[in-house]
Amino acid sequence: MASTTPPVLSLRALNRATLARQLLLRRTRMPAKDAVRHLVGLQAQNTKPPYHALAARLDGFRPEELSGLMERREVARVVTMRSTLHTHTADDVLALGPFTRPVGDRGVRQFRKRLTGVDVDVLTALVRELVEERPRTPKEIREVLLERWPDADPLALTVTARCSLPLVQVTPRGLWDRSGQVELTTTDVWFGPQRVREAPPVRPEDVVLRYLAAFGPASVKDMQTWCGLTRLQDAFERLRPRLVTFRDPRGTELFDLPDAPRPDPDTPAPPRFLPEFDNLLLSHADRSRVVPTEYRDRTWKGNQAYRTFLVDGLVAGIWALDEGRDGAVTVTVQPFAPLTGAQRDALTDEAGYVLTTLGRGPFDVRIGTFAADA
């Protein structure tokens with residue numbers, strides 16, 4: 001039988017499909033916990049991005065909902081995908097931790113030469129003892145390790161400690177409108193050893209299906225970019241009979257779930273304000289479905305990301321939030337190209353919705369420049 005050439009999906013078709021999976025094509029009325037699970041976690045290198053991410057995606061979201069989940073230990077802040085901090089459901093913390101373990105192991109290997117004389121197994125046991133006695137700050141952990149190994153590189157010790165154990169950032173860190181320094185303990189302490197032991201194993205194929213549900217259609221390299229792992233081709237091949245395939249405009253093979261939403265490319269896409277490091281922008285090897293090529297280098301400064309906003313589904317500029325001591329809030333919108341009057345009005349309305357959702361106000365929305373290098 002002659003093979004059938006997979007259909008080509010335009011960038012606009014990929015854009016609309018991805019926005020639909022990401023709950024950005026229209027706001028969804030969904031519990032925050034379900035959204036965190038559907039999105040396979042929220043990037044959380046800073047404390048507020050998970051709240052901004054859900055405000056952009058959910059109808060009726062209130063930040064107290066996510067904070068409550070954190071306080072009840074139903075979601076938590078942990079290092080997973082790409083060896084970066086994410087907010088995950090408790091179930092995903094325990095399921096995805098072993099899946100992403102090779103990323104942490106790779107991080108340890110990269111610093112191994114700077115750990116002369118350090119027994120990593122002994123270091124791991126010592127860190128476990130420390131953080132299970134009580135939550136510890138990274139500084140406290142590092143100081144104890146340097147007492148034991150004074151000639152070791154401090155950064156290498158810190159990275160090895162971070163990557164060698166499944167560590168949770170405990171509350172109040174990450175709660176809405178509350179402050180707290182980073183303090184760490186193990187998943188055994190935070191969720192209970194029995195729950196950790198009883199967590200069902202996750203297969204790579206299971207994670208592939210969830211990735212496609214949240215980020216597809218996508219290539220093998222796309223998923224590898226998202227999670228930081230390599231050699232996932234075999235998992236896709238085992239799933240091939242259950243998936244559909246497409247090609248992008250460059251000819252790259254894309255996989256997808258048969259019944260996943262792939263809206264008409266002409267479906268309107270409302271403006272959205274995204275937090276820094278939003279996974280929409282970090283989870284594909286080829287980001288052109290969301291980030292126009294000419295703007296690729298304008299959303300970052302060094303290794304720090306600006307907050308971005310979408311117009312017609314594409315990154316169109318960056319934005320900043322200034323919260324004054326009197327409670328007044330100013331949102332500065334810096335577009336990469338001139339906006340129409342209708343686009344300005346829509347962005348102002350969207351900013352107002354988000355700020356009201358997050359309990360902020362009074363507020364002012366301005367079109368201006370705050371980052372001269374962007």
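Okay, so let's go over this structure. (Residues numbered from 1 in each chain as written. Predicted model: local features only at pLDDT ≥ 70, side-chain atom pairs only at ≥ 80, totals over all residues. Heavy atoms only, no water.)

### Points about the sheet that holds strand 5 (residues 184–186)
Part 1 of the reasoning: Here we have five strands laid out as an open sheet, ordered 1-3-2-4-5, and antiparallel in their pairing. Strand pairing shows two members of the sheet lacking a second neighbour, strand 1 (42–43) and strand 5, which therefore form its edges.
Part 2 of the reasoning: Where strand 4 (residues 167–169) lies against strand 5, three bridges are found, and the strand directions are antiparallel. Bridging from a neighbouring strand, valine 168 pairs with threonine 185 of strand 5. (Pairing = 2+ DSSP bridges. Helix = DSSP H or I, 4+ residues; strand = E, 2+ residues; numbered from the N terminus.)

### Focus on empty space enclosed by the protein
Part 1 of the reasoning: Counted by the stated rule, this structure contains three cavities of 30 Å³ or more.
Part 2 of the reasoning: Its volume calculated, the largest cavity comes out at about 80 Å³.
Part 3 of the reasoning: Residue lining of the largest cavity: 14 residues in total, with Leu42, Gln43, Ala53, Asp278 and Asn279 positioned closest to the centre.
Part 4 of the reasoning: Where the lining of the largest cavity is concerned, the elements lending two or more residues are strand 1 and helix 3 (49–55).
Part 5 of the reasoning: Of the residues contributing to the lining of the largest cavity, the split by class is seven nonpolar, four polar and three charged. (1 Å grid on protein atoms, 1.4 Å probe; cavity = no way out; pocket = protein on both sides within 12 Å on 5 of 7 lines; lining within 4 Å. Points joined across faces, edges and corners; volume = space filled by probe spheres on them. Nonpolar A, V, L, I, M, F, W, Y, C, P; charged D, E, K, R; others polar.)

### Observations regarding helix 11 (residues 204–215)
Part 1 of the reasoning: Across its twelve residues, helix 11 extends 16 Å between first and last C-alpha, which sits within 8% of the 16 Å expected from 1.5 Å per residue.
Part 2 of the reasoning: For helix 11, a buried count of nine out of twelve residues is recorded, marking the element as mostly surrounded by other parts of the structure.
Part 3 of the reasoning: Within the sequence span of helix 11, burial applies to Glu205, Val207, Val208, Leu209, Arg210, Tyr211, Leu212, Ala214 and Phe215.
Part 4 of the reasoning: Summarising the contacts, the buried residues of helix 11 are in contact with helix 1 (11–21), helix 2 (32–38), helix 5 (90–110), helix 12 (220–227), helix 13 (233–239) and strand 7 (253–256). (Expected span 1.5 Å × (residues − 1). Buried < 20%, exposed > 50% of the residue type's maximum accessible area, 1.4 Å probe, protein only. Contact = heavy atoms within 4.5 Å.)

### Quick look at the pattern of salt bridges
Part 1 of the reasoning: For the structure on display, the rule yields 31 salt bridges.
Part 2 of the reasoning: A salt bridge links aspartate 278 to arginine 57; its shortest N-O distance comes to 2.9 Å. On the criterion of sequence distance, the pair formed by aspartate 278 in the loop between strand 8 (272–274) and strand 9 (300–301) and arginine 57 in the loop between helix 3 and helix 4 (63–71) is long-range, its members being 221 residues apart.
Part 3 of the reasoning: On the basis of relative accessible area, arginine 57 is assigned to the buried category, the value being 1%. (Salt bridge = Lys/Arg side-chain N within 4 Å of Asp/Glu carboxyl O.)

### Some thoughts on the layout of surface pockets
Part 1 of the reasoning: The calculated volume of the largest pocket comes to roughly 790 Å³.
Part 2 of the reasoning: Taken together, the elements giving at least two residues each to the lining of the largest pocket come down to strand 2 (75–79), helix 5, helix 7 (138–148), helix 8 (154–164) and strand 4.
Part 3 of the reasoning: Here the element with the most residues in the lining of the largest pocket is helix 5; it accounts for eight residues.
Part 4 of the reasoning: Class assignment for the residues of the lining of the largest pocket results in 22 nonpolar, ten polar and five charged.
Part 5 of the reasoning: By volume, the second largest pocket is sized at about 250 Å³.
Part 6 of the reasoning: In terms of lining residues, the second largest pocket is bounded by 16 residues, among which Asp91, Asp92, Ala95, Pro200 and Val202 are the most central.

### Looking at the packing of helix 6 (residues 120–133) against helix 8
Part 1 of the reasoning: At a minimum axis separation of 10 Å, helix 6 and helix 8 run at an interaxial angle of 70°. In this view, helix 6 runs roughly perpendicular relative to helix 8, as classed from their interaxial angle. Packed against helix 6, whose contacting residues are Val120, Leu123, Thr124 and Val127, the element helix 8 presents Leu157, Thr160, Ala161 and Ser164 at the interface.
Part 2 of the reasoning: Residue composition of the contact of helix 6 with helix 8, by class: five nonpolar, three polar and no charged. (Axes fitted to C-alpha atoms, helices over the stretch in contact; angles between N-to-C directions. Parallel < 35°, antiparallel > 145°, perpendicular 65-115°, else oblique.)

### Things to note about unusual backbone geometry
Part 1 of the reasoning: Residue threonine 171 is joined to proline 172 through a cis peptide bond whose omega torsion reads 15°.
Part 2 of the reasoning: As for its position among the elements, proline 172 is in the loop between strand 4 and strand 5.
Part 3 of the reasoning: The amide bond that connects glycine 216 to the next residue, proline 217, takes the cis arrangement and shows omega of -5°.
Part 4 of the reasoning: Unlike most non-glycine residues, leucine 23 shows phi in positive territory, near 65°.
Part 5 of the reasoning: Relative to the helices and strands, leucine 23 resides in the loop between helix 1 and helix 2.
Part 6 of the reasoning: Residues other than glycine seldom take positive phi values, yet aspartate 177 does so here, at roughly 60°.
Part 7 of the reasoning: Along the chain, aspartate 177 turns up in the loop between strand 4 and strand 5.

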